[in-house]
Amino acid sequence: MATSLKNLSDYSQTNMVDVSTKKFAIVVAEWNAEVTEALFNGAYQTLLKEGAKEENIIRKNVPGSFELTLGAQWMAQNNTIDAVICLGCVIQGETRHFDFICNAVAHGLTDVGMKYNKPVIFGVLTPNNQEQALDRAGGKHGNKGDEAAITAIKMLGF
Ligand SMILES: Nc1c(NC[C@H](O)[C@H](O)[C@H](O)CO)[nH]c(=O)[nH]c1=O
Ligand SMILES: CC(=O)[C@@H](O)COP(=O)(O)O
């Protein structure tokens, strides 16, 4: 598995720009809160470690990952926001509901980034079970929240 070959929290220092004046929105889905809170902490601490200011990081919650798209749009339309980081965790259930949510939010966040011409980062875990989720939210495979924050910073250095 690709993730088993890398740690989500490892990253190269290329394209790491000065983010001391950059403003970030982090939109967090409340579903699977144990996981999404760990993703948020990873993203938040990574932004601070890379030089972002606490006062320049805005957090907004949405009920579930499906709502990340509208939450991202509400943040992206704010001209003072430089990048939007979206965090969620969609865990496979018994039905195809998982597929519809994952596809909708992946396409939706892509569309928001293209519409507002700014980084909108897909920090959504799509695991088969809780264990796989926790492994990627500060567990043995690192933290996708770290990865999402670094991705936002790298895109600002494009
Ligand atoms: N099952 C999960 C959901 N489901 C809720 C949806 O995201 C959405 O809020 C609902 O369909 C109403 O629009 N959300 C997650 O983030 N994770 C899940 O595992
Ligand atoms: C991904 C989900 O929405 C999930 O909670 C749905 O579970 P199920 O497919 O068993 O209804």
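Values in this document were obtained by computation on a predicted structure and should not be read as measured data.

Draft legend 1. Focus on the UniProt feature "active site" (unreviewed entry) in the protein. Mapped onto this structure's residue numbering, the UniProt feature "active site" (unreviewed entry) falls at His97. Among the residues examined, His97 registers a relative accessible area of 53% and is labelled exposed.

Draft legend 2. Layout of the environment of Thr36. Along the chain, Thr36 falls in helix α1 (residues 33-49). Residues Thr36 and Gly123, spaced 87 residues apart in sequence, show a C-alpha to C-alpha distance of 9.6 Å. Those residues within four positions of Thr36 in sequence are excluded, and the remaining contacts are Val28, Ala29, Trp31, Gly88 and Cys89.

Draft legend 3. Quick look at the pattern of salt bridges. Scanning all chains against the criterion turns up 2 salt bridges. Of the charged contacts, one joins Arg59 and Glu37 as a salt bridge, the two residues approaching to 2.5 Å between their closest N and O atoms. Of the two residues, Arg59 is situated in strand β2 (residues 57-62) and Glu37 in helix α1; the sequence distance between them amounts to 22 residues. A salt bridge links Glu147 to Lys144, with the nearest nitrogen and oxygen atoms 2.8 Å apart. Note that Glu147 and Lys144 are positioned in helix α5 (residues 144-156) at a spacing of 3 residues, about one turn of the helix. Since its relative accessible area comes to 17%, Lys144 is described here as buried.

Draft legend 4. Representation of the environment of Cys89 in the model. Within the element layout of this structure, Cys89 appears in strand β3 (residues 83-89). Along the sequence, Cys89 and Ala29 sit 60 residues apart, while their C-alpha atoms lie 7.6 Å from each other. Setting aside chain neighbours within four positions, we find Cys89 in contact with Trp31, Asn32, Val35, Thr36, Ser65, Val124, Leu125, Pro127 and Ala133.

Draft legend 5. Region of interest: the packing of aromatic side chains. Applying the stated criterion across every chain yields a total of 1 aromatic pair. Aromatic side chains Phe40 and Tyr44 sit 5.5 Å apart centroid to centroid with 20 degrees between the ring planes, which places their arrangement in the stacked category. With a gap of 4 residues between them, Phe40 and Tyr44 both fall in helix α1, about one helical turn apart. Between the NZ or CZ atom of Arg59 and the centre of the ring of Phe40, over which it lies, the distance is 4.5 Å.

Draft legend 6. The site of ligand 2, seen in detail. Around ligand 2, a shell composed of Trp31, Val90, Ile91, Gly93, Glu94, Thr95, His97, Phe98 and Ile101 is seen. One of the backbone nitrogen or oxygen atoms of Glu94 is found 2.7 Å away from an oxygen atom of ligand 2. Separating an oxygen atom of ligand 2 from a side-chain N or O atom of His97 is a distance of 2.5 Å. Within the complex, the protein chains bury 73% of what would otherwise be the 330 Å² of accessible surface of ligand 2. When grouped by side-chain class, the residues that make up the shell around ligand 2 number 5 nonpolar, 3 polar and 1 charged.

Rules used in this analysis
Residues numbered from 1 in each chain as written. Chains lettered and ligands numbered in written order. Predicted model: local features only at pLDDT ≥ 70, side-chain atom pairs only at ≥ 80, totals over all residues. Heavy atoms only, no water. UniProt positions renumbered as here; feature names shortened; annotations may be inferred. Buried < 20%, exposed > 50% of the residue type's maximum accessible area, 1.4 Å probe, protein only. Helix = DSSP H or I, 4+ residues; strand = E, 2+ residues; numbered from the N terminus. Contact = heavy atoms within 4.5 Å. Salt bridge = Lys/Arg side-chain N within 4 Å of Asp/Glu carboxyl O. Phe/Tyr/Trp six-rings, centres within 6.5 Å; stacked < 30°, edge-to-face > 60°. Lys NZ or Arg CZ within 6 Å of the ring centre and 35° of its normal. Near = heavy atom within 4 Å. Polar contact = N/O pair within 3.5 Å; in protein donor to acceptor, adjacent residues only side chain to side chain. Areas by Shrake-Rupley, 256 points an atom, 1.4 Å probe, with all protein chains shown as cover. Nonpolar A, V, L, I, M, F, W, Y, C, P; charged D, E, K, R; others polar.

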